[in-house]
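# Summary of the model geometry
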Amino acid sequence: MCGIIGVTGRADALEMLLDGLDRLEYRGYDSAGVALSTEAGTWRARSAGSRSLADLRKLAEAAPPAAAGIGHTRWATHGHPTEANAHPHLDCTGSIALVHNGIVENAAAIATRLVAGGHRLTSETDSEVLVHLVEAHLGELLGDPTGSGAAGTGSSRGVPRGSEPDTAHGPAPGSSVLGEAVRRALVEVRGSFAVVVAWSGDPTRLVATRRVSPLVLGTAAGGAVMVASDVPALLGRAERFWTLDDGQVAELVPGGIVVTDVAGAPAQARPLEVAWNLEQARKGGFPDFMSKEIAEQPQAVADTLAGRLTADGTVGLDEIRVSPDELRQVDKVVLVACGSSYHAALVAKFAIEHWARVPVDVDIASEFRYRDPILDPRTLVVGVSQSGETVDTLQAVRHGRDLGARTLVVCNVVDSSMAREADGVLYTRAGPEIGVAATKTHLAQLAALQVLALHLAQVRGRLDTERAGRLLAGLADLPSLVARAVDRAGAVAEVAQRYRSVRDVFFIGRHVGYPVAMEGALKLKEISYVRAEAYPAGELKHGPIALIEPDALVVAVATRTPLWEKLLANVEEVRSRGAQVVLVANDGDEETARLAQAVLWVPRCEALLSPLVDVVPLQQFAYAVARANGRDVDRPRNLAKTVTVE
Ligand code: M6R
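Thresholds, definitions, all that
Residues numbered from 1 in each chain as written. Predicted model: local features only at pLDDT ≥ 70, side-chain atom pairs only at ≥ 80, totals over all residues. Heavy atoms only, no water. Buried < 20%, exposed > 50% of the residue type's maximum accessible area, 1.4 Å probe, protein only. Helix = DSSP H or I, 4+ residues; strand = E, 2+ residues; numbered from the N terminus. Arc of directions from axis to C-beta. Contact = heavy atoms within 4.5 Å. Pairing = 2+ DSSP bridges. Axes fitted to C-alpha atoms, helices over the stretch in contact; angles between N-to-C directions. Near = heavy atom within 4 Å. Polar contact = N/O pair within 3.5 Å; in protein donor to acceptor, adjacent residues only side chain to side chain. Areas by Shrake-Rupley, 256 points an atom, 1.4 Å probe, with all protein chains shown as cover. Nonpolar A, V, L, I, M, F, W, Y, C, P; charged D, E, K, R; others polar. Domains from an automatic or database assignment. Buried area = accessible area lost by both parts, 1.4 Å probe. Salt bridge = Lys/Arg side-chain N within 4 Å of Asp/Glu carboxyl O.

## Some remarks on helix H3 (residues 107–116)
Residues of H3 that are buried: Ala 107, Ile 110, Ala 111 and Leu 114. For H3, the arc enclosing every buried residue in end-on projection is 100°, short of the 170-degree limit, so these residues lie on one face. The exposed set on the far side of H3, more than 90 degrees from its buried face, consists of Ala 108, Ala 109, Thr 112 and Ala 116. Buried residues along H3 sit against strand E6 (96–104) and helix H4 (128–141). Residue Gly 118 follows H3 closely and has a positive phi angle near 105°.

This is how it looks when you write it as structure tokens:
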């Protein structure tokens with residue numbers, strides 16, 4: 001949550017910041033701001049509200065020329081989404097600017113101390129204390145007797161560019177006084193952060209650091225050096241990419257990056273291979289990212305399967321860093337995830353238990369470590385996360401590791417925090433997903449988890465060659481089946497049009513159809529703001545059926561999964577109480593269709609693989625209802641793509 005960006009060594013720094021913020025908007029859109037460092041001082045513009053980026057562009061017309069600056073797009077945690085709370089935040093002297101993504105847990109205590117020391121804090125955010133802490137340490141390093149920089153001595157102003165600090169307190173060789181001030185400041189901070197700091201006293205230098213929250217560095221010919229929360233912001237600008245380990249501090253100057261560890265000793269950033277390209281991060285003729293990403297699903301599934309289904313009928317997963325021997329030792333799998341990733345995990349439970357015969361728990365990541373789970377070295381904890389940064393899932397994986405379990409993550413972002421911390425990683429290959437609603441990454445997760453389930457089954461000797469061959473062939477068919485489902489967007493939109501004014505929708509399913517129903521309900525509620533709840537269809541009669549009254553809308557996943565007949569009986573129960581019924585049904589299945597006012601047709605496939613196909617019309621239904629109601633499908637209210645707070 002929150003997107004941050006910084007650039008130095010580019011004459012068009014401001015344009016790159018604004019363009020980068022456009023691309024980072026999916027991380028938050030409550031407000032936006034930029035700050036530019038020049039010899040003459042720090043220039044800042046901020047704006048809040050749903051048009052914050054457009055408004056910021058207007059304000060930026062008055063900006064001075066600058067080769068370095070920082071920018072931020074906010075998802076509000078502490079403090080209302082107002083301009084006063086928008087980043088960048090400035091210190092008391094107005095010369096230091098800072099953008100932050102994360103949470104400062106001890107912000108209140110630090111703020112009390114800073115205010116007592118004479119600092120003036122002007123926002124409700126936790127982030128603002130950071131810039132004042134940097135100011136205080138910079139003041140100390142530069143010999144300001146107040147140690148705050150706020151007492152009017154102008155400690156941070158008028159310092160010659162690149163000036164060296166007093167050697168008794170100075171930074172490590174290659175690092176600057178600003179780098180040292182940042183290091184000292186962050187030692188005092190509890191919580192998670194990615195931070196970029198600019199200072200007009202050294203106007204072409206930016207200092208960036210991270211703990212838990214993600215940060216990517218980039219360099220390009222001509223000396224441009226940049227940093228951002230996510231790779232998409234730098235695509236087409238950076239030629240080479242790096243990441244920082246927790247606590248490392250990077251100083252970006254035109255033509256180079258100096259990295260130190262938290263104590264100031266020289267360190268190295270880690271090179272990052274980036275396979276994504278700029279086109280993938282653009283709408284490419286689609287009206288929004290969500291429709292583009294739905295259309296890309298066949299490719300996302302094909303890419304995720306590529307090279308993993310071998311001609312000899314086995315699954316090739318040598319890459320995952322957890323050996324077949326280790327997988328043979330596993331006596332329990334625990335899947336931890338949030339949101340759409342959690343729904344993918346629920347489907348995977350069916351596949352792993354059925355094919356590999358290993359017991360599987362699926363936990364909502366934010367609850368997992370608080371329920372005192374029983375784990376040991378024979379447990380495999382699998383984190384499922386598109387971003388690989390969701391803090392709840394990251395902490396759940398860490399908890400697994402701390403209790404001695406083996407850990408694996410299924411994620412879409414190479415070298416994400418989870419990918420780095422887990423014992424093993426299985427990447428989905430969906431390309432960058434910009435729409436806040438997960439679509440193609442969800443399908444890619446389903447595909448990757450099916451592959452993992454088959455791999456587990458094979459290494460544990462649970463699948464004979466003939467059955468494995470059939471399942472692998474079924475997997476290989478998925479991209480074309482998904483493509484057939486994707487192609488029916490028009491027909492789904494017609495059904496959605498009929499129900500565009502609906503306010504309550506019940507999604508029901510059984511077996512793997514239940515997680516599909518959950519995902520359909522989540523899609524609808526998050527982008528159209530229609531109340532949508534999912535129930536296991538057999539559970540309706542234990543309470544929820546009391547909510548069914550004439551004309552209530554029930555959407556049922558009624559494809560030919562093992563409990564299809566029982567599901568139809570549950571559909572009859574709501575029909576007899578006057579509900580309108582929309583069914584997801586297999587092509588040509590008139591026996592099912594006769595129960596419905598409208599049918600969303602999908603091609604049929606192996607039951608355990610069917611969620612990849614069956615969920616597509618539910619994504620399209622949600623999309624069409626949202627559009628018919630004028631919703632911004634890429635930027636649903638109150639949401640952010642990557643949730644890096646608990
Ligand atoms: O990046 P992650 O997969 O860990 O994110 C988990 C959820 O926040 C995410 O799936 C969310 O529910 C989706 N954006 C919903 O469409």
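So, next bit.
## Considerations on the sheet that holds strand E10 (residues 225–228)
One open sheet accounts for eight strands, arranged E3-E2-E4-E1-E10-E9-E11-E14; its pairing is antiparallel. Strands with a single pairing partner mark the edges of an open sheet, and in this sheet they are strand E3 (41–48) and strand E14 (270–272). On average, each strand axis in the sheet is tilted by 20° relative to the strand beside it, whichever way the strands run. Where strand E9 (residues 216–219) and strand E11 (residues 240–243) come together, four bridges link them in antiparallel fashion. Note that in E11 the partner of Leu 217 across the bridge is Trp 242. Each of strand E1 (3–8), strand E2 (31–38), strand E4 (68–74) and E10 touches helix H1 (residues 13–24); the most contacted strand, E1, lies at about 160° to it. Packing against the sheet, helix H2 (residues 52–59) makes contact with E2 and E3, and its axis sits at approximately 145° to E3.

## Some remarks on the site of the ligand
Taken together, 14 residues surround the ligand, and among them Ser 341, Ser 385, Gln 386, Thr 390 and Glu 526 come closest. One of the side-chain nitrogen or oxygen atoms of Thr 390 is found 2.5 Å away from an oxygen atom of the ligand. Within the backbone of Val 436, a nitrogen or oxygen atom sits 2.8 Å from a nitrogen atom of the ligand. Taken by itself the ligand offers 410 Å² of open surface, and the protein chains cover 91% of this. Going through the elements one at a time, helix H9 (339–356) and helix H16 (513–528) are the ones with two or more residues in the shell around the ligand. Its residues assigned to classes, the shell around the ligand comprises five nonpolar, seven polar and two charged. When residues are assigned to domains, the shell around the ligand turns out to be shared by domain 2 (283–487) and domain 3 (489–646), each giving three or more.

## Some thoughts on the domain arrangement of the chain
By the assigned domains, the chain splits into domain 1 (3–278), domain 2 (283–487) and domain 3 (489–646). Each of domain 1 and domain 3 has a C-alpha centre, and the two are 45 Å apart. Across the contact, 12 residues belong to domain 1 and nine residues belong to domain 3. Each partner contributes to the roughly 960 Å² buried at the junction of domain 1 and domain 3, and carbon and sulfur atoms together form 53% of this total. Applying the counting rule to domain 1 against domain 3 returns one salt bridge. Between Glu 25 and Arg 635 there is a salt bridge, with the nearest N and O atoms lying 2.2 Å from each other. For the interface between domain 1 and domain 3, the tally reads three residue pairs in polar contact (both at pLDDT 80 or more). A class-by-class count of the residues in the side of domain 1 that touches domain 3 yields five nonpolar, five polar and two charged.

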